[in-house]
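A look at the structure
For reference, the chains in residue letters:
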Amino acid sequence: MEEQLAAGGNRTGSGHGWRHGTVVAGVAWKNPVGTASGTFNLDACKDFYDVSQMGAISTKGVSPIPWEGNPTPRTAECPAGMINSVGLQNPGVDAYLTDELPRLKALGATVVTNVAGHSDDDYAEVVEKLADSPADMLEINVSCPNVSHGGMSVGSDPQALNRLILRLRGLSDKPMVVKLTPNVTDIVAVARAAVDGGADALSLINTLVGMRIDIKTGRPILAQKTGGVSGPCVFPIALGFVWRVRQALPQIPIIGIGGIDSGAKALEFLYAGANAVEVGAAALVDPVAPLRVARELDDLLDERPGLAGKLMKGQTW
Ligand SMILES: Cc1cc2nc3c(=O)[nH]c(=O)nc-3n(C[C@H](O)[C@H](O)[C@H](O)COP(=O)(O)O)c2cc1C
């Protein structure tokens, strides 16, 4: 056992003495690696590893009422990745507050509650209900189709996004991360709009729109026809987005997401300007991937004291 701990803890993660933490919008993470929303399920993961050992756990998007999600098929494979149209299936904010959130907190996790909405009022209702909850941070997913904006995601319109974040800002003092959609022509314009509205941090990227077609039928594989692409194929795109936002907004905390499946890829995001990262699709292939990435990154940061020191101070600029 001692050897195991010296080598970096046991398989479940308990006993790992993290050497390199980070701070995101004033919230301390044990290490710079979190799980990405929609790819972590507490019941599926808790027996594989100690969830308190992650930098943070970003939950599945929470909406005002339970949502069943989209019809099946809603996942498809693609070269070096996957496409999903799960559609924000979740039990609703009331069930989240009485079940998943208390269980996560009882296990000692740092919790980033991901917020979903199909209208501005939806977001406002969830954020209000979470204001006095034990969630450590809120992550507002602005990629959802939004009826207040003619079915377009609010995250693709800087003015609408700015209005929404200003409104949410008034409803909660919790550190608020705005999770940006990459399906825009100018990521810097939406990033700026979120920050001007009061975002404490940004996370990026959400999935990119894509599709697959079954050549036997000539029809789309997904029932929704298109879905969101994620996994290793989006890594260089996501990295480019993070770098562009960091160049334009030198001092906003950034959580980098997209195709991370190793400590080395997480490190690239930190060099691009991210203060932390989240691991998504890789956890659907191997549930322990987020913890493995965190350990690999911890080792890589040993040799980079300058970067590690900046992370600890909540600065990568
Ligand atoms: C099955 C699935 C469900 C997802 N659900 C959500 C969600 O509810 N809210 C959200 O903000 N992002 C959601 N995402 C996006 C991921 O959190 C992440 O931003 C994206 O997949 C890119 O990271 P990756 O390449 O590491 O997967 C989902 C992704 C997948 C694959």
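Residues numbered from 1 in each chain as written. Predicted model: local features only at pLDDT ≥ 70, side-chain atom pairs only at ≥ 80, totals over all residues.

Counting residues in each nonpolar core, the largest one holds 91 residues, and the members touching the most others are V177, V178, A194, L202, V242 and V277. Ignoring anything within four residues of it in the chain, the contact list for L202 reads V177, V178, L180, A191, A194, V245, I252 and I254. (Core = buried A, V, L, I, M, F, W, Y, C linked by C-beta atoms within 7 Å. Buried ≥ 20, exposed ≤ 12 C-beta atoms within 10 Å, placed from the backbone. Contact = placed C-beta atoms within 7 Å.)

All right, on to the packing of helix 7 (residues 187-197) against helix 8 (residues 235-248) then. Two numbers describe a pair of packed helices, the interaxial angle and the distance between the axes. Contact geometry for helix 7 and helix 8: axes closest at 9 Å, N-to-C directions at 55°. In terms of axis orientation, helix 7 runs oblique to helix 8. As for the relative orientation of helix 7 and helix 8, their crossing is right-handed in sense. Contacts between helix 7 and helix 8 pair I187, V188 and A191 from the former with F241, R244, V245 and A248 from the latter. Classifying every residue of the contact of helix 7 with helix 8 by side-chain character gives six nonpolar, no polar and one charged. (Axes fitted to C-alpha atoms, helices over the stretch in contact; angles between N-to-C directions. Helix = DSSP H or I, 4+ residues; strand = E, 2+ residues; numbered from the N terminus. Parallel < 35°, antiparallel > 145°, perpendicular 65-115°, else oblique. Left-handed = near helix turned anticlockwise from the far one by under 90°. Nonpolar A, V, L, I, M, F, W, Y, C, P; charged D, E, K, R; others polar.)

Here the focus is unusual backbone geometry. Going from T72 to P73, the amide bond is cis rather than trans, its omega being -5°. Structurally, the position occupied by P73 is in the loop between strand 4 (56-58) and strand 5 (75-78). Going from L204 to I205, the amide bond is cis rather than trans, its omega being 15°. Mapped onto the elements of the fold, I205 is located in the loop between strand 10 (201-204) and strand 11 (208-210). The phi angle at A25 is positive, at roughly 50°, despite the residue not being glycine. For A25, the position within the fold is in the loop between strand 1 (22-24) and strand 2 (27-29).

Spatially, 3-4-7-8-9-10-15-16 is the arrangement adopted by the eight strands of the closed barrel, whose pairing is parallel. Along the sheet, successive strands turn relative to each other by an average axial angle of 25°, direction set aside. The pairing of strand 10 with strand 15 (residues 254-257) spans three bridges and is classified as parallel. For S203, the partnering residue across the bridge sits in strand 15 and is I255. Of the strands in this sheet, strand 7 (111-115) and strand 8 (137-141) touch helix 5 (residues 120-130), which is tilted by about 155° from strand 7. (Pairing = 2+ DSSP bridges.)

A word on the site of the ligand. Surveying the vicinity of the ligand reveals 25 residues, the closest of which are G38, G61, S230, G280 and A281. Grouping the constituent residues of the shell around the ligand by class yields nine nonpolar, 14 polar and two charged. (Near = placed C-beta within 6 Å.)

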